[in-house]
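Summary of structural features
Residue-level listing of the chains:
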Amino acid sequence: MRAPLVDGFGRVHTDLRLSLTDRCNLRCTYCMPAEGLDWLPKPELLTDDELVRLVGVFASMGVRTVRLTGGEPLLRRGLPGLISRLSELDLALSLTTNGVGLERQAQALKDAGLKRVNVSLDSLRPERFLALTLRDRHEDVLEGLAAAKAAGLEPVKVNTVLMRGVNDDEATELLEWALAEGYALRFIEQMPLDPQHGWDRGTMVDADEILEVLGRDHVLIPVESRGSAPAEEFHVDGGPATVGVVGSVSRPFCASCDRLRLTADGQVRNCLFARDESDLRAPLRDGATDDELAERLRVAVAGKRKGHGIGDPGFVQPDRPMSAIGG
Ligand code: SF4
């Protein structure tokens, strides 16, 4: 084992968000323009062999959990095969997906070693889903969720972004639906990561508002231990079921951050809002040893800033959009 990945603030990094592609089959209005984006050319994407090798280097430096993201990771060809190879590295694997195609793949992903899944869903109304994603795939997402549960992925979480005047009237409905279905619901504050750079704090529904609305009909008791988890969790109506709120903007949790990101084209981002990246793909393809790659990674982590700085006068939104960074 190599020495752990510690930044200048003493934060130890054990969680890797791994983007498998920048492509997506939905066009969520706060994430992707209707015409899509210029996708990364295939030769620039890390191959399965390269991914497994790099994740091995991260694992040798203390990374224990890997979340597979995108774009839409289910679009990655041979995903079950990649997951079974990553499982051999003794890592807890999870996946964040928009759910389209999950119905077909859930069992194979579980059998390959996937443990848990987060599915993005911002509305229970098919017509509103269509307006938000420009794709008529609402039923597919619901079927994907059910298939994930049936396959034994646990927990099955639902990620919802509330937007003022768009879907914020569904907060309590979504909670009651998730409780009835046995899904763990997470409300996520909308973050300034859209390619159009149109994010407006005024339309963001913040954690206080979400909890105030839910609290009108339900009793919410904070869950004691949070650790480095992004979500604040609350027991609902005294039961074991919880609801989570990820207050990235209004209640930042950077002080306990243990997350790193590797983009589908081999760039290390030491923070979701990092302004610069460290390239692992070029040295990898130029024959670098694992020790050399590890040293490069260590330098990238050492330079991590204290927090995202959203709201600070000098805040600069990253050039790379969320769809090419991954959740
Ligand atoms: S914004 Fe950056 S530092 Fe803060 S929690 Fe997210 S990844 Fe960590």
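Structure first, text after, so check above.
Now for a look at the structure at hand. Quick caveat, the model's predicted, so the values are computed rather than measured. Just so you know, the residues in each chain are numbered from 1, in the order the chain's sequence is written. Restriction of local features to residues with pLDDT of at least 70 applies here, the model being predicted, together with a cutoff of 80 or more for giving and counting side-chain atom pairs; totals for whole chains, interfaces and linings are based on all residues. To obtain the side-chain values, all non-hydrogen atoms of the structure were included, while hydrogens and water were left out.

1. Focus: the pairing of strand S5 (residues 156–161)
Selection criterion: We call a residue buried when its accessible area falls under 20% of the maximum for its residue type, exposed when it is over 50%, and partly exposed in between, using a 1.4 Å probe and counting protein chains only. To qualify as a helix, a DSSP run of H or I must reach at least 4 residues; to qualify as a strand, a run of E must reach at least 2; elements of each kind are numbered from the N terminus. The rule for pairing is simple: two strands pair if DSSP sees at least two bridges between them. Handedness of a crossover is defined as follows: orient the strands so they point away from the viewer, and if the path from the first strand over the helix to the second runs clockwise, the crossover is right-handed.
Burial analysis of S5 places six of its six residues in the buried class, the great majority of the element. By the alternation rule, side chains of S5 split into Val156, Val158 and Thr160 and Lys157, Asn159 and Val161, which are all buried. Looking at chain direction, strand S4 (residues 116–120) and S5 are connected through four bridges and run parallel. Looking across to S5, one finds that Ser120 is bridged to Asn159. Bridge count between S5 and strand S6 (residues 184–188): five bridges; the pairing is parallel. By the bridge assignment, Lys157 is partnered in S6 with Ala184. Crossover connection from S5 via helix H6 (residues 171–181) to parallel S6: handedness right-handed.

2. Some details on the environment of Gly311
Its place among the elements puts Gly311 in the segment after helix H9 (290–302). Gly311 sits 240 residues away from Gly71 along the chain, and the two C-alpha atoms are 26 Å apart.

3. Overview of the site of the ligand
Counted only if it meets this: Here a residue counts as near a molecule or strand whenever at least one of its heavy atoms sits within 4 Å of it. Under the scheme applied here, ten amino acids are nonpolar (Ala, Val, Leu, Ile, Met, Phe, Trp, Tyr, Cys and Pro), four are charged (Asp, Glu, Lys and Arg), and all others, including Gly, are polar.
The local shell around the ligand consists of Phe253, Cys254, Cys257, Arg259, Arg261, Cys271, Leu272, Phe273, Lys304 and His308. When its residues are assigned to classes, the shell around the ligand shows six nonpolar, one polar and three charged.

4. Regarding the sheet that holds strand S2 (residues 65–69)
Applicable threshold: Every residue pair with non-hydrogen atoms within 4.5 Å of one another is taken to be in contact. To get an axis, fit a line to the C-alpha atoms, keeping to the stretch in contact for a helix; angles then go from 0 to 180 degrees between the N-to-C directions.
Strand order in the open sheet made by the 12 strands is S7-S8-S9-S6-S5-S4-S3-S2-S1-S10-S11-S12, with mixed pairing throughout. The outermost strands of the open sheet, each flanked by one partner alone, are strand S7 (220–222) and strand S12 (278–279). Direction of pairing for strand S1 (residues 15–19) relative to S2: parallel, over a ladder of five bridges. Bridge pairing in S2 places Arg17 opposite Arg67. Strands in contact with helix H7 (residues 207–217) are S6, S7, strand S8 (232–236) and strand S9 (242–246); relative to S9, the strand with the most contacts, it is inclined by about 155 degrees.

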